[in-house]
Amino acid sequence: MKNPQIAKIFNEIADLLELKGENPFRIRAYRRAAMNVEGMPKDLAALSEEELTAIPGIGKDLAGKIRHFAETGRMDLHDELKKEIPEGLLTILRVPGVGPKTARMLYEKVNVRSLEELEGLAKEKKLAGLPGIQEKTEENILKGILLLKRVSERFPLGKVLPIARDIVLRLHEAVPSGKYAVAGSIRRWKDTIQDIDVLGTGKNPDAIMKAFTRLPIVQEVLEHGTTKSSVRTAEGVQVDLRVVEPDSFGAALQYFTGSKAHNIKLREMASRRGLKINEYGIFRESDGKKIGGRDEGDVYSALGLPFVPPELREDMGEIEAAQEGKLPALLTLAEIRGDLHVHTNWSDGSHDLDTIVAAAKEKGYRYIAITDHSKGLGVAHGLDEKRVREQINLIDGANRKLKDFRILKGTEVDIRGDGSMDLPDELLKELDVVVASIHSGFRQSREQITMRLLSAVRNPYVSVIAHPTGRLIGVRDPYEVDMEAVLDEAARCGAAVEINAYPMRLDLNDTHVKMAKQRGIPIVISTDTHIRSNLDYMEYGVEIARRGWLERGDVLNTLGVSTLMERLQRTRKQKRG
Ligand code: DGT
Ligand code: CA
Ligand code: ZN
């Protein structure tokens, strides 16, 4: 379906013409065409010129342009205008309070070509005094830029998932007869989220809508309707609630879970089978009869497919796999037997050994690895050789008193700037699990960082590379690293890589997880717990694993403790050659 694409291009043409100061009638014609095209139920690309000109606002000229676009994927006028006018000016147009005249003036007088340049000049107070710009205007431009940035910001999953769950819980409390679900990218467990999509159904939609707009988290009601309402929370997250008929709930849940790409492909499959799928249900095209939509599974069964788990719905091969009966048996949280990256108050954790062990036992785990930081990490009270040995003794003693639970002796050894390990091999050798990671020198060159990670991978006693890219979502970008080289070497050596489940990290990410799986690299999912409640983050790690198509057999901490220990020892032998 090319309609939204065509609408967007028409709108951009209008913007660009406006920036050029062109004839207002011509500009309006493009805007009107964009609007009409967007709302067309039929695919424009499939229409003849005659059928196109029947659409209000589409004359011979625009019809020709649409045909040309359908055939070539290009629209010449759009391309020409984009060559003439810097792309960044289009963004500036989106700043509340900056119209095309101002944008053009800024470009001509002070050569502003991007949002960043505009922000810089406004901050330095270099705009006031330009034609039509007073001090106040300058302030408003800055405010507008902030707003625009906030709107285009994506939130870390860990920030919005708890909000989304809270909303569903409170809706249940307010209108218990209703049914509610979180949809959108949250349900697919994407690591960053644009907005929260919630779905509801029930006998009393008005009551549900009312309850929603009065939730305590609501700071601003953006829209209050009978089928859709939108609010903004104090954190600046937008939440949309859609209320649908009960017999459309499944179809709507499928539709609003996305991803868009996944849905588009399903709809194409449906139309080849003479079916139409939308957010209201599944319909036979021949007579318009509704054949399903109450349950989400209806959508997949109508297409002869097994249910596709939301985490896979990215049009990354899941539909083909479903057709061939080759969907993975995705890992589940219940299959996790232990946590291999846990801190205590020996370094920067909050609890003593006994407390964290008790918390892990409560979760039903059979083992945890204590992996406190090594001495190089002074800020975290990293352990030197002497203290590591003391901790080893403590753990040996504790293990003697434990039944059906094992504390694995470990460390999170710092990978130093030169690629050496922060603790000597003789000591690492005595530990069950050695987790290695980078905590400094994030700005080193790609070559240097890759070299450091490679040297950790090759170290005969390093079991796992922890948080391999160092990113903190929304805070710190990943360091520059040749991940393929690191993973290739991990595959060769048998070293494992970590999915760090800490919500700000989620590192490896889904894409890297797939790359690791393709290479047959064992994966460990760990929480990097510093305080006992962090143990619950395992869920996030498992979900990233699921987005990376992992099955139980791909993940080391699904193993029982003796098998796990054998695997770790075998890797050490393999590495020593
Ligand atoms: P986000 O919000 O950017 O984190 O990602 P999503 O996937 O939640 O995207 P969103 O909120 O725009 O839309 C929610 C779902 O609704 C999306 O995954 C699929 C469906 N959807 C929204 N807009 C369209 C559309 O124009 N076409 C189709 N086919 N599906 C759409
Ligand atoms: Ca969304
Ligand atoms: Zn750690």
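What comes next concerns the included structure. Bear in mind the structure is a predicted one, so any value in this text is a computation, not a measurement.

Quick notes on the site of ligand 1
Link 1 in the chain: In the neighbourhood of ligand 1, 16 residues make up the surrounding shell, with Arg 154, Ser 185, Arg 188, Gln 194 and Arg 267 lying closest.
Link 2 in the chain: The side chain of Arg 154 places a nitrogen or oxygen atom 2.9 Å from an oxygen atom of ligand 1.
Link 3 in the chain: Gln 194 is positioned such that a nitrogen or oxygen atom in its backbone is 2.9 Å from an oxygen atom of ligand 1.
Link 4 in the chain: When isolated, ligand 1 has an accessible area of 590 Å², and the protein chains bury 74% of it.
Link 5 in the chain: At the level of elements, α11 (184-187), α13 (249-257) and α14 (260-272) are the ones that each hand at least two residues to the shell around ligand 1.
Link 6 in the chain: Two domains share the shell around ligand 1, each providing at least three of its residues, namely domain 2 (155-244) and domain 3 (249-323).

A word on the packing of helix α22 (residues 510-518) against helix α23 (residues 538-547)
Link 1 in the chain: Where α22 meets α23, the axes come as close as 8 Å, and the angle between the chain directions of the two elements is 60°. Of the two possible hands of crossing, α22 and α23 adopt the one that is right-handed. From α22, Asp 510, Val 513 and Lys 514 reach across to α23, where they touch Ile 544, Ala 545 and Arg 547.
Link 2 in the chain: Within the contact of α22 with α23, the residues separate by chemical class into three nonpolar, no polar and three charged.

Some points on the coordination of the zinc ion (ligand 3)
Link 1 in the chain: His 341 (NE2), His 343 (NE2), Glu 412 (OE) and Asp 528 (OD) make up the full set of protein donors to the zinc ion (ligand 3), lying at 2.1 to 2.2 Å.
Link 2 in the chain: Geometry at the zinc ion (ligand 3) is irregular, judged from its four donor atoms and the angles of 82 to 167° they form at the metal.
Link 3 in the chain: One chain supplies every donor to the zinc ion (ligand 3), and in sequence these donors are spaced H-x1-H-x68-E-x115-D. With His 343 in the loop between β11 (338-342) and α17 (353-362) and Glu 412 in strand β13 (residues 406-414), this pair connects stretches of sequence that are 69 residues apart.
Link 4 in the chain: Residue class for His 343 comes out buried when judged on its relative accessible area of 0%.

Re the packing of helix α10 (residues 157-174) against helix α12 (residues 205-213)
Link 1 in the chain: Contact geometry of α10 with α12 gives a least axis separation of 10 Å together with a crossing angle of 130°. By the angle between their directions, the pair α10 and α12 is classed as oblique. The two elements α10 and α12 cross, and the hand of that crossing is right-handed. Residues Ile 167, Leu 171 and Ala 174 of α10 form the contact with α12, whose participating residues are Ile 208, Ala 211 and Phe 212.

Conventions adopted
- Residues numbered from 1 in each chain as written.
- Chains lettered and ligands numbered in written order.
- Predicted model: local features only at pLDDT ≥ 70, side-chain atom pairs only at ≥ 80, totals over all residues.
- Heavy atoms only, no water.
- Near = heavy atom within 4 Å.
- Polar contact = N/O pair within 3.5 Å; in protein donor to acceptor, adjacent residues only side chain to side chain.
- Areas by Shrake-Rupley, 256 points an atom, 1.4 Å probe, with all protein chains shown as cover.
- Helix = DSSP H or I, 4+ residues; strand = E, 2+ residues; numbered from the N terminus.
- Domains from an automatic or database assignment.
- Axes fitted to C-alpha atoms, helices over the stretch in contact; angles between N-to-C directions.
- Left-handed = near helix turned anticlockwise from the far one by under 90°.
- Contact = heavy atoms within 4.5 Å.
- Nonpolar A, V, L, I, M, F, W, Y, C, P; charged D, E, K, R; others polar.
- Donors = N, O, S within 2.8 Å, 3.2 Å for Na, K, Ca; no water.
- Tetrahedral: all angles 85-135°; square planar, octahedral: opposite > 155°, others 65-115°.
- Buried < 20%, exposed > 50% of the residue type's maximum accessible area, 1.4 Å probe, protein only.
- Parallel < 35°, antiparallel > 145°, perpendicular 65-115°, else oblique.

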